[in-house]
Amino acid sequence: MARGRIRARLRRSHLYTFSCLRPSAAEEGPHSIEGPGYSRIVHCNQPLMHNKKPFKYRSNYISTTKYNFVTFLPKALYEQFHRVANLYFLGTAIISVTPLSPFSAVSMIAPLAFVVGLSMAKEALEDWRRFMQDMKVNTRKVKVHKEDGIFGNKTWQKVQVGDVVKVEKDQFFPADLLLLSSSYEDGICYVETMNLDGETNLKVKRALEVTLSLDEDEAFKNFTGTITCEDPNPSLYTFVGNFEYDRQVYALDPSQILLRDSKLRNTTFVYGIAIFAGHDSKVMQNATKSPSKRSRIERKMDYIIYVLFSLLLMISLISSIGFAVKTKFYMPDWWYLQPQHTDDYYNPEKPVLSGVSHLVTALVLYGYLIPISLYVSIEVVKVLQASFINQDIQMYDEETGNPAQARTSNLNEELGQVDTILSDKTGTLTCNQMDFLKCSIAGTAYGVCSSEVELAAAQQMAIDLEDQDAERSTGSRQKGKQQEIELETVVTSRDEKDHKSPIKGFSFEDSRIMKGNWLREPNADVIMLFFRILAICHTAIPELNEETGSYTYEAESPDEGAFLVAAREFGFEFFKRTQSGVFVRERYSVAGQPIDREFKILNMLEFTSKRKRMTVIVRDEDGQILLLCKGADSIIFDRLSKNGRLYEEDTNKHLNEYGEAGLRTLALAYRKLEESEYSAWNNEFQKAKTSIGADRETLLENVAEMMERDLILIGATAVEDKLQKGVPQCIDKLAQAGLKIWVLTGDKMETAINIGYACSLLRQGMKQICITANSSDAKEVVKENILMQITNASQMIKLENDPHAAFALIIDGKTLAYALEDDMKQQFLGLAVDCASVICCRVSPKQKALVTRLVKEGTGKTTLAIGDGANDVGMIQEADIGVGISGVEGMQAVMASDFSVAQFRFLERLLVVHGHWCYKRIAQMVCYFFYKNIAFGLTLFYFEAFTGFSGQSVYDDWYMLLFNVVLTSLPVISLGVFEQDVSSEVCLQFPALYQQGPRNLFFDWYRILGWMGNGLYSSLIIFFLNIIIFYDQAFRSGGQTADMAALGTTMFTCIIWALNCQIALTMSHFTWIQHLFIWGSIGTWYLFLFVYGMLSPTISGNAYQILVEALAPAPIYWSATLLVTVACNLPYMAHICFQRCFHPMDHHIIQEIKYYKKDVEDQRMWSRERSKARQKTKIGFTARVDAKIRQLRGKLQRKHTSLEMHSPVTPS
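Residues numbered from 1 in each chain as written. Predicted model: local features only at pLDDT ≥ 70, side-chain atom pairs only at ≥ 80, totals over all residues. Heavy atoms only, no water.

**Re the sheet that holds strand β7 (residues 203–206)**
1) Next: Reading across from one edge, β7-β6-β12 is the order of the three strands in this open sheet, with antiparallel pairing throughout. Since the sheet does not close on itself, it has two edges, and those belong to β7 and β12 (263–265), each with one partner. Pairs of neighbouring strands in the sheet enclose a mean axial angle of 45°, with direction left out of account.
2) Next: In this structure, strand β6 (residues 188–192) lies alongside β7, joined through four bridges in antiparallel fashion. The residue bridging Cys 189 from the neighbouring strand is Lys 205, located in β7. (Pairing = 2+ DSSP bridges. Helix = DSSP H or I, 4+ residues; strand = E, 2+ residues; numbered from the N terminus. Axes fitted to C-alpha atoms, helices over the stretch in contact; angles between N-to-C directions.)

Here it is, written out as structure tokens:
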């Protein structure tokens, strides 16, 4: 507490323009609040008033589950019977209890109950996990005022609107609170809003002056007040309300509101009033309901079921018509059936009734065309695939101990069909750490370390130089070698640095200005001023680390933190801030002794997206007033005086080089002020600050502009944004795989753009399209202006002729609100799709979800959203696939996700490897399933036609029962679990293989109908070839012909052989498990036939001793099996041979290279094939390096041309 009070004396509210730029509540006066949308009244410290209407508001209990105990059964059943096949089998189960069913009721109901029950149990388990996570949040504890100034712990779910809540340091706010007071005397507190908008920099909130005295528990003994404010809404950045206290009314704005799920930082405690609780809070208003997601393959399976059901209906109609005709015209002559004593179902006098009743029987009998075991098999396969994802050691993060997790197995194959990735920034792409890498001071570049982009370009150039033609001249070869050595020097410079102990935020190396050596540089006075600007021009607070004795800094942005660390390492350590000044310890001076200097802060003009600069006006110890400014180079250069441009040309050159190297840059400048000039300006500034009206901010900006001119340029900084490990490489690989990547962030536009550069979504030379809105205009004018910007940008892209030209779309949240309206969103989407990369900044969680929905519905392609905070939950749930980062910021994103990974880089393996495999496995598995059921089911129909549509099955009931359950189930499951067209290493080396999924090459109608046609062909061969073989000739050595049991068993043997050989031909990758399942299934059939035939004739019936006595001794049985199996698989073999020879797919070529070990014998060819297999992309590290190489080659070419022009011509 004492420590908090010491720091409280800073009274930061007097220092910063975010206080200065708006008057106090008393000055501004209360808001005029009336009409719809502003009806909420909160009685402070009187929660009992909110127990009855009209003041009864929602509780603080939250739920993110899909079901509850009451709705689970009806909703889950509704979900299950969305599946067409389940609806059909429900119908057959109902029919099975009637006399019309050819099967028993148990045999029809049990499989359906098992399939539906298994799926519902999985849904229940997943929702139970969500429920437990909700309870973890609802049972958090917070201090709430009970009575007589006494505070006690309450669970979050019991907090009510009107409660006085005390939140302590590093705790989350349990509801949306009105800030009353804090541990600081001036009522400020620091809030981290990463869960809301993704920003890690701290926000400053301020209490009203009238409530500052409420800073102790006892002060609330008799406290009352009334808040009238807006109704619950999802807008995070706005709030309108009035606070009535002590018969006075004060206006409220967002600076007094503490939002649920944001965290109190660097403040010992705060007191607040709960305004919005539970689902009324702004973060929950931004949440969307947990949707039920189905993969595209599963949705397409419904259409295939429609096709098969149409086929089933057609053959059932044919069968029923045939049966009616037979009953009317032929049955009277069949005296042995005794037609005169039959019931209505077989009455020749009522053929229509007989036909209709037979239609119902046929619909059940031919049900084998529609595979009920398909859904069970897919569930089993997906669970096993998910377990492989969970156990993949390559996606295990050793630092956090978190593996990848498939939280739902419904969407495994969808991972292989992603077209667009929508990613959060903070905590997902970045770890928000900046490293000071280079700087330019007085026209001299300092810093010898290379950025990641420079290293990659150097390495690629070195490889290209190795690949130069061997016919080059010796001189050229020596020159190339020299260049290569230079490149190697660049590459190794970072490696040497990596061996030294790293300083967080500082990767700079240059002995010329380190350890006080800058004193010996020609422009030592300029260098000193450069370091002082780094140490003074900021808004950070120093904190002494008692263990190390050094200072760490709580900065509003990571850039500021990096500058302060750099200043400290250069010998200018910022160590203290007071209400009126900052103190800097200068370790290196002319006197040789450390000196503590105080710089008095006179004014500070903060950095904003519009200003793009920050200025501080200080008075040094000599009384000199200095204006110190840092900002974007374009802004600073426009404000330089004529004599302040001495270093402009060199600095500009260095800034371009830093930009090409992927570094974030700022220019530094200063100006000396006369006392009279400053006094006159300060008077104008104070007038503007205290003015009241709509043009107040414009006045302040104009006054600031008056002072921020005639600057003298000193130099520039270059920091490298520290992305999470492997992010650039991951984005590069995903770009090569043909995926589009959008970044949706709550951060400022400048930060988002810099991150775009750091992860190579943006690069030097890429044309940026910034869509912005002027909020001061009328709505219709703003919309018209935005539409014009979008139209002009689309036209510019269409007219672009340069094949290497790349466009990036950048838009902020305010503009996006208009762009997402119905009359404009299609034009916006059209422009965004044409751009290589899209960055949306300052977006709310709701907008993230709306953008995701627009992309999903507008393009009709699969979207994946990835994020790590509560602010990402909406887009994670809205996307076709939601991926949560199990990082440091809670588990809200993970709990709402379908898959979770520990870091963004694991997304590469999740999609390019597991996604590719799962898509192909499920696609091939489903196609094969329909093939085998058509091949088997149609033989029943053919036999019906041969036997007068009598309803007689050619197969024994046990054969039919075992067909799907035992004899063909395990091979198809092994296909879905273990199949690999190429290994995981090859998937990563050839990312373009991934495009087979988004292009849907393995589950389009051409392939589906092809497999169905193959099933039709196989059924014809199996039935008619066997009929031809067995119909008119002796079957056994004694001359006997085959009976129905012998024919049916032979046909069934052919089916088992043909189908299992077909799946063996389909597989590319075999393990002992596949061999066991495929050949074991065939062996199991013979074993079953032998054991079944040994049973009593009362059980085995006509199959008694059929294998031992009838089939095994007959050569025709074995020869028919061989002939039919070969004939069934011959067309597929011919198709595969033709395709591999004349129209090979990518994986066919790679399989052939691997089979002949060409990748080992000819490494150059293997590398060439890898580079050819990349999708052409304009984003990612590779695209950036290619652009850098084009630039370097252009420079070399111009240099050679210049040398040739100036070289003397030798006489012949």
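There is more to say, and it comes next.
**Section: the sheet that holds strand β10 (residues 248–252)**
1) Next: Read across the sheet, four strands follow the order β1-β8-β9-β10 without closing on themselves; strand pairing throughout is antiparallel. The open sheet has two free edges, formed respectively by β1 (40–44) and β10, since each of these has just one partner strand. Pairwise comparison of adjacent strand axes, ignoring direction, gives a mean angle of 20° for this sheet.
2) Next: As paired elements, strand β9 (residues 241–245) and β10 share five bridges and run antiparallel to each other. The partner of Tyr 245 across the bridge, within β10, is Gln 248.

**Structural notes on the pattern of salt bridges**
1) Next: Applying the stated rule across the entire model yields 41 salt bridges.
2) Next: Here Glu 878 and Lys 856 are joined by a salt bridge, their closest N and O atoms 3.1 Å apart. With Glu 878 in helix α26 (residues 873–878) and Lys 856 in helix α25 (residues 845–859), this pair connects stretches of sequence that are 22 residues apart.
3) Next: Beyond isolated ion pairs, a larger network of salt bridges with shared partners links Arg 294, Glu 298, Lys 382 and Glu 413. (Salt bridge = Lys/Arg side-chain N within 4 Å of Asp/Glu carboxyl O.)

**Regarding the nonpolar core**
1) Next: If you look at the biggest cluster of nonpolar residues, it comprises 107 residues, and the most contacted ones within it are Val 926, Tyr 955, Tyr 959, Phe 1003, Phe 1052 and Trp 1085.
2) Next: The residues that make up this core include at least three from each of domain 2 (305–370) and domain 5 (917–1159).
3) Next: With residues up to four places along the chain from it excluded, the contact list for Val 926 reads Ile 297, Met 301, Leu 374, Ile 378 and Phe 1003.
4) Next: Counting residues in each nonpolar core, the second largest holds 62 residues, with Ala 406, Leu 429, Leu 734 and Val 743 among its members. (Core = buried A, V, L, I, M, F, W, Y, C linked by side-chain atoms within 4.5 Å. Buried < 20%, exposed > 50% of the residue type's maximum accessible area, 1.4 Å probe, protein only. Domains from an automatic or database assignment. Contact = heavy atoms within 4.5 Å.)

**Quick word on the side chain of Thr 852**
1) Next: Inspection of the secondary structure puts Thr 852 in helix α25.
2) Next: The exposure class assigned to Thr 852 is buried, which follows from its relative accessible area of 0%.
3) Next: Excluding its chain neighbours within four sequence positions, the residues that come into contact with Thr 852 are Leu 422, Leu 744, Thr 863, Met 875, Glu 878 and Ala 879.

**Side note on a nonpolar patch on the surface**
1) Next: A grouping of Phe 946, Leu 1016, Leu 1020, Phe 1024, Ile 1028 and Tyr 1031 is seen on the molecular surface, where their side chains present a nonpolar patch of about 620 Å² in accessible area.
2) Next: In terms of residue count, the dominant contributor to the nonpolar patch is helix α32 (residues 1005–1031) (five residues). (Patch = residues over 30% accessible without salt bridge, like charges linked within 9 Å, V, L, I, M, F, W, Y side chains within 5 Å. Areas by Shrake-Rupley, 256 points an atom, 1.4 Å probe, with all protein chains shown as cover.)

**Quick notes on the pairing of strand β23 (residues 613–619)**
Each regular strand displays side chains that alternate between the two surfaces of the sheet.
1) Next: With respect to burial, β23 is a largely interior element, six of its seven residues being buried.
2) Next: As paired elements, strand β22 (residues 595–605) and β23 share five bridges and run antiparallel to each other. Looking at β23, one finds that Ile 601 is bridged to Val 618.
3) Next: Looking at chain direction, β23 and strand β24 (residues 625–631) are connected through seven bridges and run antiparallel. Within β24, the position partnered with Met 614 by the bridge is Lys 630.
4) Next: Between the antiparallel neighbours β23 and β24 lie five residues, among them Gly 623 with a positive phi of about 85°.

**With respect to the environment of Ser 295**
1) Next: Considering the arrangement of structural elements, one finds Ser 295 in the loop between α8 (282–285) and α9 (296–330).
2) Next: Using a relative accessible area of 0% as the deciding quantity, one classes Ser 295 as buried.
3) Next: The sequence separation of Ser 295 and Thr 862 amounts to 567 residues, and the corresponding C-alpha distance is 9.3 Å.
4) Next: The contacts of Ser 295, once residues within four sequence positions are left out, are Lys 382, Asn 410, Leu 411, Glu 413 and Glu 414.
5) Next: Among the polar contacts listed, one links the side chain of Ser 295 to the side chain of Glu 413, at a separation of 2.5 Å. (Polar contact = N/O pair within 3.5 Å; in protein donor to acceptor, adjacent residues only side chain to side chain.)

**Thoughts on the packing of helix α22 (residues 779–799) against helix α24 (residues 825–834)**
1) Next: The interhelical angle for the contact between α22 and α24, taken along N-to-C directions, is 35°, at an axis separation of 10 Å. Like other packed secondary-structure pairs, α22 and α24 cross with a definite hand, here left-handed. Contacts between α22 and α24 involve Leu 787, Ile 790, Ala 793, Ser 794 and Ile 797 from the former and Gln 827, Phe 828, Leu 831 and Asp 834 from the latter. (Left-handed = near helix turned anticlockwise from the far one by under 90°.)

**Some remarks on the packing of aromatic side chains**
1) Next: Enumeration according to the criterion identifies 53 aromatic pairs in this entry.
2) Next: Geometrically, the ring pair formed by Phe 243 and Tyr 245 is stacked, given 5.7 Å between the ring centres and 10° between the ring planes. There is no split in this pair, since Phe 243 and Tyr 245 are both buried.
3) Next: Aromatic pair Phe 963 and Phe 1052: ring centres 6.2 Å apart, planes at 70°, arrangement edge-to-face. Separated by 89 residues along the polypeptide, Phe 963 in helix α29 (residues 957–967) and Phe 1052 in helix α33 (residues 1044–1066) bring together distant segments of the chain.
4) Next: The exposure class assigned to Phe 963 is buried, which follows from its relative accessible area of 0%.
5) Next: You can call Phe 1052 buried: its relative accessible area is 0%.
6) Next: An aromatic cluster is built from Phe 436, Phe 506, Phe 508, Trp 518, Phe 530, Phe 531, Phe 563, Phe 570 and Phe 572, whose rings are joined through pairwise contacts.
7) Next: Seen from the ring of Tyr 57, Arg 40 lies directly overhead, with NZ or CZ sitting 3.9 Å from the centre. (Phe/Tyr/Trp six-rings, centres within 6.5 Å; stacked < 30°, edge-to-face > 60°. Lys NZ or Arg CZ within 6 Å of the ring centre and 35° of its normal.)

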